[in-house]
Amino acid sequence: MQVAAPKRYDGRIIIHFDYDCFYAAVFEREDPKLKSLPFAVQQKQIIVTCNYEARRRGLYKLQLVREARKKCPDVIIVLGEDLTRFRNASKDNYNFLRGYTWSNKVERLGFDEVFMDVTDIIDYNAALLNYNNLASSFFHLDRNDPTVGFSFDASHVFGHIFPVAFQASEVAAVPTDEPAWNDDRDLLLRLRLGSHLAQHLRHQLDEQKGYTSTVGISTNKIISKLVGNVNKPTGQTTLVPPYNPQCGKSESNVTKFLDNHDIGKIPGIGFKTAQTIRNHVLGRPAAFSAGLVYGPTEENVKVRDVRKFNGMGPQLLGRLLAGPGVPKDLGEKVWGLINGVDDAEVAKAKEVPQQISIEDSYLRLDEIEHITKELKMLSTSLIKRLRLDLTSALDPDDVEITSEEEDGAQVQVDSATTPRRWIAHPKVLRLSTRPRPPLKPDGTRSRTFKRISRSTNMPFFVFSFAHSVDLLANRLVEETLVPLFRKLHPEKSDWNLSLVNLCATNMSLTASDSKDGAGRDISRMFRRQDDVLREWKVEDVDIAPSDDSNDQRTPDDGDDRIEDEISHQDPLEHLPLGSQDLRTFTQESLRGKDEWDSDEEMQDAGEACSICGAAMPPYAMLAHERFHDLSD
DNA sequence: GAGGTATAG
DNA sequence: TTTTCTATACCTC
């Protein structure tokens with residue numbers, strides 16, 4: 001009994017980018033000589049990626065360094081364990097691509113992949129085409145300036161297409177006199193536009209940023225991503241219509257494409273889901289390739305086998321995959337995926353990540369001194385990351401300049417010299433550990449990777465620019481993390497940890513600064529309203545009780561309301577290098593004695609809240625700070 | 001809030 | 001799945 005395929009919606013055009021051997025490319029950009037040499041990036045004992053010259057000589061991803069050297073003795077290997085440069089380059093490329101979107105639907109997946117929903121740009125251009133002369137078309141990149149764009153030939157798809165056999169007949173299959181209401185013709189036309197836009201973006205990315213990329217063009221995330229793989233590297237592939245079966249005549253190209261993929265290769269179908277499905281289709285437990293490094297020992301279950309399996313459909317899949325913790329609609333979702341249907345939106349660019357976490361693993365971690373030391377290290381990294389990722393230049397215009405800088409290093413230099421302010425604060429700090437399970441009677445250790453955690457309000461002194469990261473980290477460990485650790489591990493000293501994780505989460509936007517260009521105007525409007533409300537809110541706060549003995553305060557959306565009053569703030573401490581003594585304002589003025597009073601560095605007239613950057617006379621700070629406190 | 005499951009790079 | 005380091009979404013109590 002056959003279940004009907006889910007209904008397709010192919011109204012979008014989505015481009016998936018994958019930068020070619022990204023880690024290697026980052027280094028090659030710093031030192032172009034590497035490009036012509038066999039070159040690889042190492043993490044731990046493995047080659048995480050290598051350039052194509054190295055691949056030509058037999059090297060490959062995830063190869064052991066020893067093997068690589070044996071195979072290719074003159075390979076140049078650099079250590080790539082510090083992710084900072086990759087993160088910066090990734091952000092820079094992302095912002096670059098984002099600059100082309102109208103909808104701001106640009107989603108980063110890891111460091112080296114980006115989805116763009118360019119539907120609006122495509123539809124706009126489709127409407128302006130001259131169907132009598134598609135070959136001499138102009139692609140508009142700016143709705144407000146008709147001169148911005150490029151010439152292109154809209155009578156052909158640019159680059160590769162799938163299926164390949166379709167190539168020769170592509171033009172013939174869509175004669176220009178065919179009626180415009182033909183769905184496939186319309187889709188093909190929009191995909192063509194997408195392919196030319198993709199080519200333009202790839203070219204710009206290469207020319208201006210120095211990164212080549214491989215892209216896929218289609219109508220949803222999953223097939224755009226998968227179809228890009230067809231021509232690697234530095235290629236682009238468009239999945240051409242028909243996307244629906246032609247009334248008994250031809251098969252859907254989507255199905256033709258997906259059917260030959262291993263079930264586990266479909267994005268969204270991970271190991272667990274794939275194994276469960278394999279088990280059912282094979283009628284027995286499916287073997288799995290433990291190593292993954294060697295051999296194609298996978299069970300051979302293709303999408304086609306699953307799709308055509310007797311009774312297969314959303315209900316069966318739902319029953320198969322049900323279990324604690326699994327999304328309720330997983331059956332529906334997977335059924336969609338194997339039919340190439342994926343309604344997932346390309347997420348709008350987010351101003352700020354949802355969480356920032358740092359972790360490290362240990363062979364042995366069982367002494368409190370050692371723990372404290374590691375907490376200190378992790379705290380230092382975390383605070384640096386918070387400053388890097390959650391602050392922006394104070395002047396909104398600087399934000400634009402900064403984001404268009406050439407590379408990550410440049411951005412960091414700017415960070416050190418440009419006044420900065422927080423654009424969001426994590427409200428919660430979470431400490432997680434992974435205790436090593438005790439030995440079982442038989443001497444073996446049960447394999448458990450479970451984590452336990454405790455969380456608390458993020459103390460807001462970590463947002464001060466006045467003190468070195470080191471100092472802040474010390475204080476965070478002593479005042480917050482050690483108590484949290486004791487809560488997590490009440491036992492005296494019996495623990496033995498294999499992992500420690502620090503996570504800053506529950507981000508609270510500071511408003512107004514969304515790097516999201518579309519959001520800025522909106523937030524300005526809100527701010528005007530907030531101005532009207534501000535007096536009320538501050539008075540509310542002013543008469544509320546407060547607890548000055550409690551250090552663990554939480555910054556909150558309250559920040560939003562004092563946005564306009566920013567005057568100036570001091571430069572961000574140079575993050576990668578640690579501390580500098582920079583003068584700024586902190587909350588000391590309201591809190592009386594604490595260990596920082598000796599610092600003597602924030603006594604200037606006119607205070608600025610260290611949380612939101614708002615400047616105000618000292619007498620207003622008390623109420624203001626309580627405001628942060630209370631709005632939790 | 002705390003913990004779990006699953007996924008991806 | 002296990003070696004790791006992040007990040008995300010969704011589920012449950």
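Per an unreviewed UniProt entry, chain A goes by the name UmuC domain-containing protein and belongs to Stereocaulon virgatum.

Caption draft 1: Fine view of the overall build of chain A. Scanning chain A from N- to C-terminus turns up 20 helices and 20 strands. In chain A, the proportion of contacts linking residues at least 24 apart, taken out of those at least 6 apart, comes to 69%.

Caption draft 2: Summary view of the side chain of glutamine 236. Inspection of the secondary structure assignment puts glutamine 236 in strand 12 (residues 236-239). Here phenylalanine 158 takes part through its backbone oxygen, which lies 3.2 Å from a polar atom of the side chain of glutamine 236.

Caption draft 3: The packing of aromatic side chains, seen in detail. Per the stated rule, a full pass over the model turns up 15 aromatic pairs. Ring centres 6.0 Å apart and planes at 75 degrees place the aromatic pair phenylalanine 27 and phenylalanine 39 in the edge-to-face group. Within this pair, whereas phenylalanine 27 is found in helix 1 (residues 22-30), its partner phenylalanine 39 is found in strand 2 (residues 39-43), the two being separated by twelve residues in sequence. Residue classification places phenylalanine 27 among the buried residues on the basis of a relative accessible area of 8%. Relative accessible area serves as the criterion here: at 0%, phenylalanine 39 is assigned to the buried category. An aromatic cluster is present here, built from Tyr19, Phe22, Tyr23, Phe27, Phe39, Phe86 and Tyr211 joined pairwise through their rings.

Caption draft 4: Spatial organisation of the protein's contact with DNA strand B. Neighbouring DNA strand B are 20 residues, the closest being Lys225, Gly268, Thr273, Ser453 and Ser455. In the model, a phosphate oxygen of DNA strand B is placed 3.4 Å from a nitrogen or oxygen of the phenylalanine 271 main chain. Among the secondary structure elements, those contributing two or more residues to the surface near DNA strand B are helix 10 (271-282) and strand 17 (452-457). Residues of the surface near DNA strand B, tallied by class, amount to seven nonpolar, six polar and seven charged.

Caption draft 5: Spotlight on the protein's contact with DNA strand C. By nearness alone, 19 residues border DNA strand C, and Phe271, Ser357, Glu359, Ser361 and Phe449 come closest of all. Measuring from a phosphate oxygen of DNA strand C, one finds a side-chain N or O atom of serine 361 at 2.8 Å. Among the elements that take part in the surface near DNA strand C, strand 13 (residues 356-361) stands out by supplying six residues, more than any other. For the surface near DNA strand C, the per-class residue count stands at eight nonpolar, five polar and six charged.

Caption draft 6: Quick look at the sheet that holds strand 11 (residues 213-218). Read from one edge of the open sheet, six strands run 6-7-1-11-12-10, paired in mixed fashion. Either end of the sheet is taken by a strand with one partner, and the two such strands are strand 6 (106-109) and strand 10 (160-162). When the angles between neighbouring strand axes are averaged without regard to direction, this sheet yields 20 degrees. Lying over the sheet, helix 8 (residues 221-228) contacts strand 1 (14-19), strand 6, strand 7 (113-117), strand 10, strand 11 and strand 12, oriented at roughly 135 degrees with respect to strand 11.

Caption draft 7: Representation of the environment of lysine 373 within the structure. Here lysine 373 shows up in helix 14 (residues 368-390). Through-space distance from the C-alpha of lysine 373 to that of asparagine 474 is 9.7 Å; in sequence the pair is 101 residues apart.

Caption draft 8: Examining the sheet that holds strand 3 (residues 46-50) more closely. With respect to topology, four strands assemble into an open sheet ordered 4-3-2-5, the strand pairing being mixed. The open sheet has two edge strands, strand 4 (63-64) and strand 5 (76-79), and neither has a second partner. Where helix 1 meets the sheet, it contacts strand 2, strand 3 and strand 5, and its direction lies at approximately 115 degrees from that of strand 2.

Caption draft 9: Representation of the packing of helix 1 against helix 4 (residues 84-98) within the structure. In contact at an axis separation of 10 Å, helix 1 and helix 4 are set at 90 degrees when each is read in the N-to-C sense. Taken together, the axes of helix 1 and helix 4 lie roughly perpendicular to each other. Touching Phe22, Tyr23, Val26, Phe27 and Glu30 of helix 1 are Arg85, Phe86, Ala89, Ser90 and Asn93, all from helix 4. Looking at the contact of helix 1 with helix 4, its residues break down into six nonpolar, two polar and two charged.

Caption draft 10: Helix 10, seen in detail. With twelve residues, helix 10 should reach 16 Å at 1.5 Å per residue; the first-to-last C-alpha distance of 16 Å fits that figure. All of the buried residues along helix 10 are Thr273, Ala274, Gln275, Ile277, Arg278 and Val281. In this structure, the buried side of helix 10 is in contact with helix 11 (303-307), helix 12 (314-321) and helix 13 (330-338). Downstream of helix 10 by a residue or two, glycine 283 has a phi angle that is positive, lying close to 75 degrees.

Caption draft 11: Local environment of the packing of helix 12 against helix 13. At a closest axis distance of 7 Å, the pairing of helix 12 and helix 13 adopts a crossing angle of 125 degrees. Classified by the angle their axes make, helix 12 and helix 13 are oblique. Note that helix 12 runs across helix 13; the crossing there is right-handed. Between helix 12 and helix 13, the residues in contact are Pro314, Leu317, Gly318 and Leu321 and Leu330, Gly331, Glu332, Val334 and Trp335, respectively.

Procedures and definitions
- Residues numbered from 1 in each chain as written.
- Chains lettered and ligands numbered in written order.
- Predicted model: local features only at pLDDT ≥ 70, side-chain atom pairs only at ≥ 80, totals over all residues.
- Heavy atoms only, no water.
- Helix = DSSP H or I, 4+ residues; strand = E, 2+ residues; numbered from the N terminus.
- Contact = heavy atoms within 4.5 Å.
- Polar contact = N/O pair within 3.5 Å; in protein donor to acceptor, adjacent residues only side chain to side chain.
- Phe/Tyr/Trp six-rings, centres within 6.5 Å; stacked < 30°, edge-to-face > 60°.
- Buried < 20%, exposed > 50% of the residue type's maximum accessible area, 1.4 Å probe, protein only.
- Near = heavy atom within 4 Å.
- Nonpolar A, V, L, I, M, F, W, Y, C, P; charged D, E, K, R; others polar.
- Pairing = 2+ DSSP bridges.
- Axes fitted to C-alpha atoms, helices over the stretch in contact; angles between N-to-C directions.
- Parallel < 35°, antiparallel > 145°, perpendicular 65-115°, else oblique.
- Expected span 1.5 Å × (residues − 1).
- Left-handed = near helix turned anticlockwise from the far one by under 90°.

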